[in-house]
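Structure assessment
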Number of protein chains: 2
Amino acid sequence: MDNNKPDRRVRKTKAILRKTLTKLLMEKDLKDISVLELTDAADINRGTFYLHYKDIYDLFEQIEQETLEDFLNIIVRYKQLDSPVWTAVMLDLFKYISANADIFIAVLNTKESNFLTDVIEISRPKTKQEWHKLFSTGKEEYYEYYYDFFTFGCIALVRSWFMKGMPESCEQMAELIEKLMLSCISGLK
Amino acid sequence: MDNNKPDRRVRKTKAILRKTLTKLLMEKDLKDISVLELTDAADINRGTFYLHYKDIYDLFEQIEQETLEDFLNIIVRYKQLDSPVWTAVMLDLFKYISANADIFIAVLNTKESNFLTDVIEISRPKTKQEWHKLFSTGKEEYYEYYYDFFTFGCIALVRSWFMKGMPESCEQMAELIEKLMLSCISGLK
DNA sequence: ACCAGAAATCAACTGCATGTCTATTATCTG
DNA sequence: CAGATAATAGACATGCAGTTGATTTCTGGT
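Residues numbered from 1 in each chain as written. Chains lettered and ligands numbered in written order. Predicted model: local features only at pLDDT ≥ 70, side-chain atom pairs only at ≥ 80, totals over all residues. Heavy atoms only, no water.

Quick word on the interface of chain A and chain B
On the chain B side, the residues contacting the 33 residues of chain A number 33 residues. Taking both sides of the interface into account, the surface hidden between chain A and chain B amounts to around 3,100 Å²; carbon and sulfur atoms contribute 65%. Sorting the residues of chain A by area buried against chain B places Lys-111, Tyr-145 and Phe-149 of chain A first, and these three jointly supply 26% of that buried surface. At the surface where chain A touches chain B, the tally comes to zero salt bridges. Along the contact surface separating chain A from chain B lie four residue pairs in polar contact (both at pLDDT 80 or more). Within the residue set of the side of chain A that touches chain B, elements represented by two or more residues are α8 (143-163) and α9 (170-185) of chain A. (Contact = heavy atoms within 4.5 Å. Buried area = accessible area lost by both parts, 1.4 Å probe. Salt bridge = Lys/Arg side-chain N within 4 Å of Asp/Glu carboxyl O. Polar contact = N/O pair within 3.5 Å; in protein donor to acceptor, adjacent residues only side chain to side chain. Helix = DSSP H or I, 4+ residues; strand = E, 2+ residues; numbered from the N terminus.)

Shown next as structure tokens:
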């Protein structure tokens, strides 16, 4: 029987390490966390850590990667529709973020994180395509700039919302972003 | 005589270390550069490094700090005028950036950098004030979000421009940013 | 319930960068 | 030139990183 599911012990160990790292990341930056500190806090043998990860950055990247995949799955779900509704996608994303707040606090606060830039680069081609449909008369040579401007702006928005303790609802945030996108895109015309 | 200017030897050593670090940062990330590697490349005794800096992050932060001060000086120059011209400030900043390209490549690529967020937080109060003057009817509770969106967007723009090898002129970039600010701000109304 | 395989633990070891210190040499400032 | 100060060379203790081998514990399949 091809049981591709990993051993329960492995799942447990990895889960504990991931959880412990996100907890530690609330207090200090990744660069200041040693493997020993992590495994002590997780009550896991230090050697066991190296059974699964190259170093502490490797572990962090795997956490990022997992979150990224969840994120992309949400987006993909909508991409299959004929006319993806922007606000609906954003709403789902905001819901996912608030449901996984602990991970996102860690990811958004960790300087070494690649999560945000990864999201940006992955969604770039599709988004450019969408924008192109909407504004076929635009200056194409500036598309990249508008895209970078907009996406980083969104990230900042989310981060800011997050750090304030998410006072606005997911719906409000999704609306706000849609509004900003429209006014930003209108510059392309 | 209270000569507060540091010894020539100190100035030389610090300059070499700063220069060498920015050079190394073009190849690899800060976290992967050891003191030994730096001092070897700089042909400086390792002990000498510790005479001036706590660790390699300390050195990097001092480089950031210096650049930040230059940056703020440019902005301050305009803030004293009655009606600061946005495009003119941006133009000067773009010129400063392109003149100090080597440092900015290092700063923009270094994940541990605080430079950008520092610039943002320092200019936040003034900018909010300016925007308030322009759009007194806006929804004040959303100002923070608009500000974060806009400033991070600008940063992304600059980074993108930079990474492409600065194909557009400083003038074009300053114009582009002004345009984006206007369409972004118009959402506040 | 049992067994074979795999994972976790423990202890030990090497290697490397860090940070500190001292004695010595080189350089600067007035 | 002379006193002060910075830079160097070399050595040292320390701590974490990674790896290894022997041992114990747990797990999934039969």
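Brief notes about the protein's contact with DNA strand C
In the vicinity of DNA strand C there are 21 residues, among which Thr-13, Thr-48 and His-52 of chain A together with Arg-9 and Arg-46 of chain B approach most closely. In DNA strand C, atoms within 4 Å of the protein come 65% from sugar and phosphate. Between a base nitrogen of DNA strand C and a side-chain N or O atom of Arg-46 of chain B, the distance comes to 2.9 Å. Mapped onto the surface near DNA strand C, the elements with two or more residues apiece are α1 (8-24) and α3 (46-52) of chain A together with α1 (8-24), α2 (35-42) and α3 (46-52) of chain B. Top contributing element to the surface near DNA strand C by residue count: α3 of chain A, with four residues. Residue composition of the surface near DNA strand C, by class: six nonpolar, six polar and nine charged. (Near = heavy atom within 4 Å. Nonpolar A, V, L, I, M, F, W, Y, C, P; charged D, E, K, R; others polar.)

Focus on the packing of aromatic side chains
A complete count under the given rule lists 23 aromatic pairs over all chains for this structure. Residues Tyr-96 of chain A and Phe-104 of chain A carry aromatic rings whose centres are separated by 6.0 Å and whose planes lie at 85° to one another, so their mutual orientation is edge-to-face. The same class applies to Tyr-96 of chain A and to Phe-104 of chain A, which are both buried. When the centroid spacing of 5.7 Å and the interplanar angle of 90° are considered together, the rings of Phe-149 of chain A and Phe-149 of chain B count as edge-to-face. A residue pair is termed interchain when its members come from two chains, as with Phe-149 of chain A in helix α8 and Phe-149 of chain B in helix α8 (residues 143-163). (Phe/Tyr/Trp six-rings, centres within 6.5 Å; stacked < 30°, edge-to-face > 60°. Buried < 20%, exposed > 50% of the residue type's maximum accessible area, 1.4 Å probe, protein only.)

Comments concerning the environment of Leu-134 of chain A
All names here are of chain A. Within the fold, Leu-134 resides in helix α7 (residues 115-134). For Leu-134, a relative accessible area of 56% gives the class exposed. When the C-alpha positions of Leu-134 and Ile-185 are compared, they lie 9.2 Å apart, and in sequence the two are 51 residues distant.

A look at the domain arrangement of chain A
Accessible area lost when the parts come together is the quantity often used to give the size of an interface. Residue and element names in this part refer to chain A. Entries for chain A in the domain assignment read domain 1 (7-53) and domain 2 (64-188). Computed from C-alpha atoms alone, the centre-to-centre distance between domain 1 and domain 2 is 30 Å. Opposite the seven residues of domain 1 that make contact, domain 2 presents nine residues. Linking domain 1 with domain 2 are one salt bridge. Taking the shortest distance from any N to any O, the salt bridge between Arg-18 and Glu-66 comes out at 3.3 Å. Summed over the shared surface of domain 1 and domain 2, the number is one residue pair in polar contact (both at pLDDT 80 or more). Residue composition of the side of domain 1 that touches domain 2, by class: three nonpolar, one polar and three charged. (Domains from an automatic or database assignment.)

A word on the relation of the copies chain A and chain B
Both copies of the chain are tied together by a single rotation about an axis and a shift running along it. Overlaying chain A on chain B yields an RMSD of 0.1 Å, the required transformation being a rotation through 180° with an accompanying axial translation of 0.0 Å. Considering both components of the superposition, the chain copies are consistent with a two-fold axis. For chain A, the smallest separation between a C-alpha atom and the rotation axis is recorded for Gly-153 of chain A, amounting to 2.3 Å. The share of interface residues of chain A whose copies in chain B are also at the interface is 100%, consistent with both copies meeting through the same surface. (Least-squares fit on C-alpha atoms with pLDDT ≥ 70 in both.)

Considerations on the pattern of salt bridges
Residue and element names in this part refer to chain A. Here the structure, examined in full by the defined rule, presents 20 salt bridges over all chains. The shortest N-O distance in the salt bridge between Lys-31 and Asp-32 comes to 3.1 Å. One network of salt bridges, in which partners are shared, links Glu-121, Arg-124, Lys-128, Glu-144 and Asp-148.

Notes on unusual backbone geometry
Look at Asp-43 of chain A: it is not a glycine, yet its phi comes out positive at around 55°. Relative to the elements of secondary structure, Asp-43 of chain A occurs in the loop between α2 (35-42) and α3.

Examining the protein's contact with DNA strand D
In the vicinity of DNA strand D there are 21 residues, among which Arg-9 and Arg-46 of chain A together with Thr-13, Thr-48 and His-52 of chain B approach most closely. Close to the protein, within 4 Å, the atoms of DNA strand D belong to sugar or phosphate groups at a rate of 71%. Interatomic distance of 2.8 Å between a side-chain N/O atom of Arg-46 of chain A and a base oxygen of DNA strand D. Contact distances for DNA strand D include 2.3 Å between a phosphate oxygen and a side-chain N or O atom of Thr-13 of chain B. Mapped onto the surface near DNA strand D, the elements with two or more residues apiece are α1, α2 and α3 of chain A together with α1 and α3 of chain B. No other element matches α3 of chain B, which puts four residues into the surface near DNA strand D.

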